[in-house]
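If you want the building blocks of each chain, they are given just below.
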Amino acid sequence: MNLFKRALLCLGCFAIMPAVLPAYPQETVLAIEPDVKPQTPGAGLMLYRRLRNVGLDAQKVFSVRDAHLDREDIHVTLGDGTLAFTEAIDGKITGAFFSGEGEVLILPPNPAERASLALFTRAAVLEEKFTTAYLRFSDDRVVTDLQPSLRVAEDAGGFVSKWNSAAHNLAEGDTLRLLAAFTNEAGRAPAASQAHLPGFIHLRVAGATLGTFDVELEPDLPEQIYVGQASYMPGALFYDMWMAFPMRSSRGGHIPSPAYAEGSPELSSRSAGDVDSVHIAKFQIKATVKPPTGLEAEATLTMHVPQPDTRTFIFQLSRNLKVSEVTNQGAALEFIQNEALEGSQLAREGNDLVAVIFPQPVPAGSTLHLRFVYSGAVMSDAGNGLVYVGARGTWYPNRGFSMADFDLTFLTPLKWTLLATGKQVHVEKSGNAQISHWVSERPFPVAGFNLGQYQRSSAWTSQHGTLVEAYGTGGLETVPQRDRFLRSPRAMPEPPPQLVLPPENPVEDPATLQAIARGAAATIDFLSQKLGPFPFSSLELTQIPGGSSQGWPGLVFLSSRAYSAARPPAGAQRPRLNYEQVLYSDLMLAHETAHQWWGDQVFWKSYRDQWVMEALANYSALLMLESQDPEKFRVVMDHYRNQLDIGAINAPASATGLNPQASPLRTRDAGPVTLGVRLESSRFNNGYDAVAYGRGTWLFHMLRHMLRNPQFKALPPAAGGAEAERSADPDAAFFAVLRGLLKKFDGRALGTDDVQRAFEEALPHPLYFEGRKSLDWFFQGWVNGTAVPTLDLTNLKIAARGGNTVAQGTIRQKDAPQDLVTLVPVYAVTAAEPLFLGRVFADGDETAFQFPVPPGTKKLLLDPYQTVLSKAPRP
């Protein structure tokens, strides 16, 4: 699943209001104008094109020696060479090109970012010499800082002739950000506390050893400094984010760091420089769907603008949808869509962006009603009556996922069935078409739809009577499809191509569809008891092509392969279990259903917190699987652990990037779960799936068993009362924490720090490390770490002392950092089953312990039930 902190409006009246739709004439198609009309260039568009096409100024070419440009943690030296500034635009210089001897120096401020940098550069500090550099900036002080080291160059014309074409091409990449800077900052008086904030700076250098990479400073982002590089691998383009962190003044507390934006995990339109300048409270969308490819739509966004004097707003919208008009309360606005986007911005985000420019700054506290009219081909025909919606998250203009209300109206041909997020409040036939109306019952982060010539089956949950409907087409798709958005963190990961698919069943087979509906209903029943009521009044499951799935509010996009695996052939024996079979036959459906709580009822604060939603949805599904089939549960957990030890395909032969003699990199070395989508890179093309899903799931498995009493014995029914109820589930404390998180953050964003505080509040005294009711040791070492240690028991001695039998020994942690702390359960081997003795905080390489044991004990075991993410423990 895939981004946000906003005030929410609750328009619950939609659920009970009668849905009255106007009788749209067929020929008007919901009154949407599908034709894209040429836009007359206005002042904003003209400024954009000037910024995009700016070249070098032959009158501003200088020899430079020992020039220094220092901004926060970024230190750039132009030792000896030639520098030309770009032509001034409205009196402002916005760029420069340098050729000669230069150096850039950046020291990452924390171990995680130093390790991340080392993975790509084999060094924990960026100290790189370069021969050419292109600089783009909105910071007027750049020219002032360089001025003392500049002298008039002798061959200015020759330098411009040589480098102007390159500078012109590079100018395109930062145009949108500069446009936002020009238009948004012109009338904005900065607060006194932020008057010394630097402006936007982007440095693209040709490094002597590292190749071309980007160094950027964006003051409006929560992590203002980031460094990365575009990497081209066979069949794929990656943007490797080497490091990202808050600038020094923000870390020092002089300037409050902006709250993490509730937007795209890919650092989406935030780079345009106006993040958090609006809150979209409501989307009202009317769409005509023309299968198999076409969409014509009109979207009205109700937006609140808290920041003062903003003119330019950036939205995401599929590049395949062309905007014909943008208005605010009837007044036409300028907009820019798909004008050339290049460089690091394109590599990070793609060109699915639309900039809307107001003629005057919008006052703080304003409410806008932006209306977009657009159309295009965002679907494709996958065969067998199945349409694939490619732009699943960008079929309507938005600023990344954020809690909002949705009002959706669709017009579709009668032979097609459309399902959407929200509650269907009205449907009617209009000629050869059908109009359906869907509204959100509560604010949720994203809206979507699916379309097909479906068969349908339904089931009801036994707990609260929730309707579950499964929709499938005539079979598996004929053409495999893959979409950039589906590879985002809102998608259940697809196994590698070599997997053996489960037996194929006709998808429209009533028994298959019934199995899907009943499986989701059973998941809702199970999780409702553990987590609280299902957040929506119904759930629809719809077939999509490919191997990955997505769970959205009240609507699941479920892989065709999960449909195929839903019901094994009659009389078939249970096959030898493997992860792929369990994934499609058991886990995927339950995982996406669990996302209705984790990801739709609550969301995540930033890309560093996405793992929480994925891991909790996955582990919630696995808990149901464990209750039904412990063997399958263990197959999945073993797979996740093994995946972390697989060698990285394209990584350098160094475990840390610092020691060439170290063992080759493994997938777990991609980084901690808190790196989010940065885990997937040219070095680790499966890093996100293995770490966020796999390691993240193991982290909650560890937390669960920390709170679980291994000596649990249920009280007999005669005990009665609340005590018996609490004791009926050994995981009661764990689920109490999860229910508390869902209740406290209902409709809000949840962060890793919130998870830590919630589990700390539930810590029993025996789990206090060094006498403190804190989980700092766990979150620093495990959540923000990458280790999968080997745990060994050595120096074991069992002897009688004063009438008691005592065992003492040493726990050794290998293949782990020196400061890793692991809570290790210790058991005694008895004639019956292993007897729990207690837990030991294994701190560092070796930790001694001592326990009283039953008479006759000859052997101890470390974590025999595999509750700690480690390699197989040895007796």
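For the structure, see preceding data.
Residues numbered from 1 in each chain as written. Predicted model: local features only at pLDDT ≥ 70, side-chain atom pairs only at ≥ 80, totals over all residues. Heavy atoms only, no water.

With that settled, consider the overall build of the protein chain. Counting its secondary structure elements, the protein chain contains 17 helices and 38 strands. Just so you have it, the protein chain exposes about 33,300 Å², and 52% of that area is on carbon and sulfur atoms. (Helix = DSSP H or I, 4+ residues; strand = E, 2+ residues; numbered from the N terminus. Areas by Shrake-Rupley, 256 points an atom, 1.4 Å probe, with all protein chains shown as cover.)

The next point concerns unusual backbone geometry. With an omega of 15°, the peptide bond running from P291 to P292 counts as cis. Looking at the element boundaries, P292 is found in the loop between β10 (279-290) and β11 (294-305). With a phi close to 50°, Q329 is a non-glycine residue in the positive phi region. Checked against the element boundaries, Q329 lands in the loop between β13 (321-328) and β14 (331-332).

Once that is clear, we can look at the environment of I285. Residue position: I285 is located in strand β10. Linking I285 and H437, residues 152 residues apart in sequence, is a C-alpha distance of 10.0 Å. Aside from chain neighbours lying at most four places away, what touches I285 is E298, A299, Y374, W395, Y396, D407, L408 and T409. (Contact = heavy atoms within 4.5 Å.)

Here the focus is the nonpolar core. Formed by 214 residues in total, the largest nonpolar core has its most connected members in Y374, F410, F449, W598, F700, F759 and F778. With near-sequence residues (within four places) excluded, F700 lies in contact with W611, V612, A615, L616, Y619, F734, V755 and F759. Core analysis: the next-biggest nonpolar cluster, separate from the first, contains 28 residues, A84, L176, F200 and L353 among them. (Core = buried A, V, L, I, M, F, W, Y, C linked by side-chain atoms within 4.5 Å. Buried < 20%, exposed > 50% of the residue type's maximum accessible area, 1.4 Å probe, protein only.)

Our focus in this paragraph is the sheet that holds strand β17 (residues 366-377). One open sheet accounts for eight strands, arranged β14-β13-β17-β11-β10-β20-β23-β22; its pairing is mixed. The sheet is open, and its two borders are formed by β14 and β22 (423-430), each paired with just one other strand. With seven bridges connecting them, β10 and strand β20 (residues 405-413) associate as parallel partners. Its bridge partner lying in β20, F283 is registered against F406. (Pairing = 2+ DSSP bridges.)

Each aromatic ring pair is characterised by the separation of its centres together with the angle its planes make. Inspection of the entire model under this criterion finds 39 aromatic pairs. Aromatic rings pair up to connect F283, W395, Y396, F406, F410, F444, F449, F534, F536 and W597 into one cluster. Directly above the ring of F182 sits K92, whose terminal nitrogen or CZ lies 5.1 Å from the centroid. (Phe/Tyr/Trp six-rings, centres within 6.5 Å; stacked < 30°, edge-to-face > 60°. Lys NZ or Arg CZ within 6 Å of the ring centre and 35° of its normal.)

The interhelical angle for the contact between helix α15 (residues 732-744) and helix α16 (residues 752-761), taken along N-to-C directions, is 135°, at an axis separation of 10 Å. In terms of orientation, α15 and α16 fall into the oblique class. The element α15 and its partner α16 pack so that their crossing is right-handed. Across the interface between the two elements, F734, V737, L738 and L741 of α15 pack against D754, V755, A758 and F759 of α16. Class assignment for the residues of the contact of α15 with α16 results in seven nonpolar, no polar and one charged. (Axes fitted to C-alpha atoms, helices over the stretch in contact; angles between N-to-C directions. Parallel < 35°, antiparallel > 145°, perpendicular 65-115°, else oblique. Left-handed = near helix turned anticlockwise from the far one by under 90°. Nonpolar A, V, L, I, M, F, W, Y, C, P; charged D, E, K, R; others polar.)

Turning our eyes to something else, we now look at helix α11 (residues 610-628). Compared with an ideal rise of 1.5 Å per residue, which puts 19 residues at 27 Å, α11 spans 28 Å between its outermost C-alpha atoms and is within 8% of the ideal. For α11, the buried fraction is high: 16 of the 19 residues fall into the buried class. (Expected span 1.5 Å × (residues − 1).)

Let's shift gears to the sheet that holds strand β34 (residues 804-814). What the three strands build is an open sheet, ordered β33-β34-β37; its pairing is antiparallel. Lying at the two open borders of the sheet, with one neighbouring strand each, are β33 (790-801) and β37 (846-853). Averaged over neighbouring strand pairs, the angle between their axes works out to 20° when direction is ignored. Judged from the eight bridges that link them, β34 and β37 form a sheet pairing that is antiparallel. Each bridged residue has a counterpart across the sheet, and for V806 the counterpart in β37 is P852.

Running from amino to carboxyl end, helix α13 (residues 687-707) crosses α15 at an angle of 125°, the nearest separation of the two axes being 7 Å. One way to sum up the angle between α13 and α15 is to call them oblique. Residue-level inspection shows F700, L703, R704 and L707 of α13 in contact with α15, the latter providing A733, F734 and V737. Grouping the amino acids of the contact of α13 with α15 by side-chain chemistry returns six nonpolar, no polar and one charged.

For the rest of this paragraph, the subject is the environment of F603. Locating F603 in the fold gives a position in strand β31 (residues 603-604). A residue is classified by how much of its surface remains accessible, and F603, at 1% relative accessible area, is buried. A C-alpha to C-alpha distance of 9.1 Å links F603 and F401, two positions 202 residues apart in sequence.

This part takes up the side chain of D57. Positionally, D57 belongs in strand β1 (residues 56-71). Since its relative accessible area comes to 15%, D57 is described here as buried. Side-chain polar atoms of D57 contact the backbone nitrogen of Q59, separated by 2.9 Å. What D57 contacts, discounting residues up to four positions off in sequence, is F85, T86, E87 and V160. (Polar contact = N/O pair within 3.5 Å; in protein donor to acceptor, adjacent residues only side chain to side chain.)

Assignment of secondary structure puts Q543 in strand β28 (residues 538-544). You can call Q543 buried: its relative accessible area is 0%. At 2.9 Å, the side chain of Q543 and the backbone nitrogen of T473 are in polar contact.

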